[in-house]
Amino acid sequence: MRKRWLSMALVLSMAASLTACGGKNTVQETKQSSTTETTAEEKMEETQAQEQTDAKGEGEAAGEPVTVSMWHIQTNAEDLTAKALLDAIALYEETHPNVKIVQDATQGEQYKVKIRTAAASDELPDIFFAWGYSFAEDFVKAGKALKMDSWLEDGTRDKLKPGLLNVLSYDDAVYGLPVDFSGMLMYYNKTVFEENGLEIPETYEDLVNVTNAFKQKGTAPMILGGKAMWPLTAMFEDFSIRTVGADQCLDVVSLKDTIDQEGFVKAADYLQKFLADKTLTEDSMTMIPPEANTKFAAGGIPMTYNGTWSIGVFEGDGSQVKDQLVAKPFPLIEGELDNPEEYVGASLSGYMVSSETKYPDVAADAVKFITEQAAKNLYQSGAGLPAWNVEVDESQLNPLIIAVNELYRGMTKGVANWDTLLPADFVEDYKNTTTMLTMGDLSPEEYAQEMAGILGK
């Protein structure tokens with residue numbers, strides 16, 4: 001198996017060649033908190049616990065003024081996602097008048113370089129944004145992230161939707177908390193279905209039947225942004241969830257098991273057959289997902305397949321399908337697994353605390369408060385789905401986002417899109433090979449063999 005995290009030696013050598021990133025928009029004046037140099041070994045759990053005990057009394061326990069630093073990627077304060085976070089931070093400061101949070105915002109790709117450089121030089125902020133899974137694992141392996149489990153025993157765990165703590169958990173320990181989550185869904189235009197005398201499908205067999213019915217009427221049943229290729233891989237992943245289950249998918253994507261086995265061959269076969277023979281609009285393979293969403297929102301197309309983040313487009317001003325859609329997870333397949341609780345999707349990021357913070361209690365408390373409140377703000381604005389079980393005034397929310405949020409309450413095991421989990425040097429080959437499968441250039445058996453070679457299994 002390829003090693004999925006960088007050694008600190010490599011990170012340090014990278015850091016030597018990197019300078020501070022430009023192009024950032026600082027939300028507030030940046031003030032880096034002081035840190036003490038410690039080795040990775042000194043950050044083992046026993047030492048960390050002692051440091052936390054010693055830190056108490058340095059202001060946080062006594063209610064004296066405390067300043068903590070926080071890095072994130074929300075550079076556009078007008079964006080609803082950014083506003084959800086910034087308002088949560090402001091509320092924390094308002095309700096904790098002795099705490100000042102000094103923010104620093106940097107755009108995504110620049111942030112990746114900046115946060116890794118800071119980790120290599122022992123200059124991490126007290127609180128920092130991190131993408132989950134393999135990205136954040138680097139910080140955990142290097143002893144840079146605070147283990148947060150002891151701060152979650154006050155009922156915090158039960159406030160999050162099932163399974164979403166996994167995004168920043170390693171070796172059964174939690175190192176960070178998410179704000180939101182996303183999943184892949186089938187979107188059905190009720191108006192088009194009703195005009196054609198068809199029912200919204202409940203099973204995969206229903207889906208195949210309505211797809212064939214639309215074809216017979218001369219209507220292309222589905223649009224998606226195939227040019228980006230990841231919608232094709234996501235649909236393969238949905239079929240795989242239904243044929244082998246979430247756990248086996250995770251074993252393959254983590255390179256613990258081979259994809260060259262019957263269940264994945266069946267998933268590839270389902271995908272190839274479903275997308276064959278004009279299931280997609282003629283322009284689907286020439287459009288990226290935002291373009292496909294815009295065209296679906298113009299009305300007249302029966303179905304599309306995309307993430308939960310598309311709801312904002314479909315229910316936004318100017319959309320011709322507003323209040324006309326039904327959203328459902330990819331359906332169960334007769335004769336395959338009966339696992340409606342499993343789905344393609346997950347939280348993809350969250351906020352962590354530096355193991356070197358002088359104020360672990362304050363930083364951990366702030367992360368808990370801010371992530372939960374940001375999740376509430378995000379959902380209240382209709383801009384996303386909360387990773388937390390939050391209560392908001394839903395009277396002003398679009399019914400579709402309410403229905404989708406409720407839908408995921410009963411789903412307990414998500415698998416993030418594989419292109420976010422696989423090592424980066426495998427992703428393009430994965431997307432290209434899956435596209436070849438859907439175009440009929442590879443048989444399902446050849447696809448599984450080809451992918452096994454790509455993944456080294």
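Each remark here, short or long, concerns the structure printed above.
Residues numbered from 1 in each chain as written. Predicted model: local features only at pLDDT ≥ 70, side-chain atom pairs only at ≥ 80, totals over all residues. Heavy atoms only, no water.

S.K.: Which parts of the structure should I look at to understand the pattern of salt bridges?
M.R.: One side chain can pair with another of opposite charge once the charged atoms of both are near each other. Overall, the coordinates contain 16 salt bridges when judged by the stated rule. With its nearest N and O atoms 2.8 Å apart, the salt bridge here joins D87 to K83. Of this pair, D87 and K83 both sit in helix α3 (residues 80-95), four residues apart, roughly one helical turn. Overall, D87 belongs to the partly exposed group, its relative accessible area being 34%. E109 is paired through a salt bridge with K112; the nearest N and O atoms lie 3.2 Å apart. (Salt bridge = Lys/Arg side-chain N within 4 Å of Asp/Glu carboxyl O. Helix = DSSP H or I, 4+ residues; strand = E, 2+ residues; numbered from the N terminus. Buried < 20%, exposed > 50% of the residue type's maximum accessible area, 1.4 Å probe, protein only.)

S.K.: In this structure, what is going on with the packing of helix α4 (residues 108-120) against helix α5 (residues 134-141)? I would like to understand it.
M.R.: Describing two packed helices takes the angle between their axes plus the distance from one axis to the other. Here α4 crosses α5 at 10°, and the two axes come no closer than 11 Å. In this view, α4 runs roughly parallel relative to α5, as classed from their interaxial angle. Crossing handedness for the pair α4 and α5: left-handed. Contact residues: α4 offers K112, I115, R116 and A119, while α5 offers F135, D138 and F139. A per-class count over the contact of α4 with α5 returns four nonpolar, no polar and three charged. (Axes fitted to C-alpha atoms, helices over the stretch in contact; angles between N-to-C directions. Parallel < 35°, antiparallel > 145°, perpendicular 65-115°, else oblique. Left-handed = near helix turned anticlockwise from the far one by under 90°. Contact = heavy atoms within 4.5 Å. Nonpolar A, V, L, I, M, F, W, Y, C, P; charged D, E, K, R; others polar.)

S.K.: What's the story with the packing of aromatic side chains in this structure? I'm lost.
M.R.: How two aromatic rings sit relative to each other is given by the distance of their centres and the angle of their planes. Summed over the entire model, instances satisfying the criterion amount to 28 aromatic pairs. Here F128 and F139 contribute two aromatic rings whose centre-to-centre distance is 5.5 Å and whose plane-to-plane angle is 50°, an arrangement assigned as tilted. Highlighted residues: F128 in strand β3 (residues 127-131) and F139 in helix α5, separated in sequence by 11 residues. Comparing F128 with F139 shows no difference in burial state: the two are buried. The rings of Y111, F128, F129, W131, F135, F139 and Y351 are connected pair by pair, giving a single aromatic cluster. Between the NZ or CZ atom of K112 and the centre of the ring of W131, over which it lies, the distance is 4.9 Å. (Phe/Tyr/Trp six-rings, centres within 6.5 Å; stacked < 30°, edge-to-face > 60°. Lys NZ or Arg CZ within 6 Å of the ring centre and 35° of its normal.)

S.K.: So what exactly am I meant to see when it comes to α3 here?
M.R.: Each full turn of the α-helix corresponds to 3.6 residues, which orients residues three or four apart in the same direction. Between its first and last C-alpha atoms α3 spans 22 Å; for 16 residues at 1.5 Å apiece the expected length is 22 Å, and the two agree. Taken residue by residue, α3 has A82, A84, L85, L86, A88, I89, Y92 and E93 as its buried positions. Packed against the buried residues of α3 are β1 (66-72), β2 (99-105), β12 (349-353) and α14 (360-381). Where α3 begins, the capping side chain belongs to D79, and its oxygen is found 2.9 Å from the backbone nitrogen of T81. (Expected span 1.5 Å × (residues − 1). Polar contact = N/O pair within 3.5 Å; in protein donor to acceptor, adjacent residues only side chain to side chain.)

S.K.: Any chance you could explain the packing of helix α9 (residues 230-243) against helix α17 (residues 424-438) here in plain terms?
M.R.: Between α9 and α17, whose axes approach to 9 Å, the crossing angle comes to 75°. Relative to α17, α9 is oriented roughly perpendicular. Judged by residue contacts, W230, L232, T233, F236 and E237 of α9 engage Y430, K431, T434, T435 and T438 from α17. Counted by class, the contact of α9 with α17 contains four nonpolar, four polar and two charged residues.

So yeah, pure geometry; function would need other evidence.
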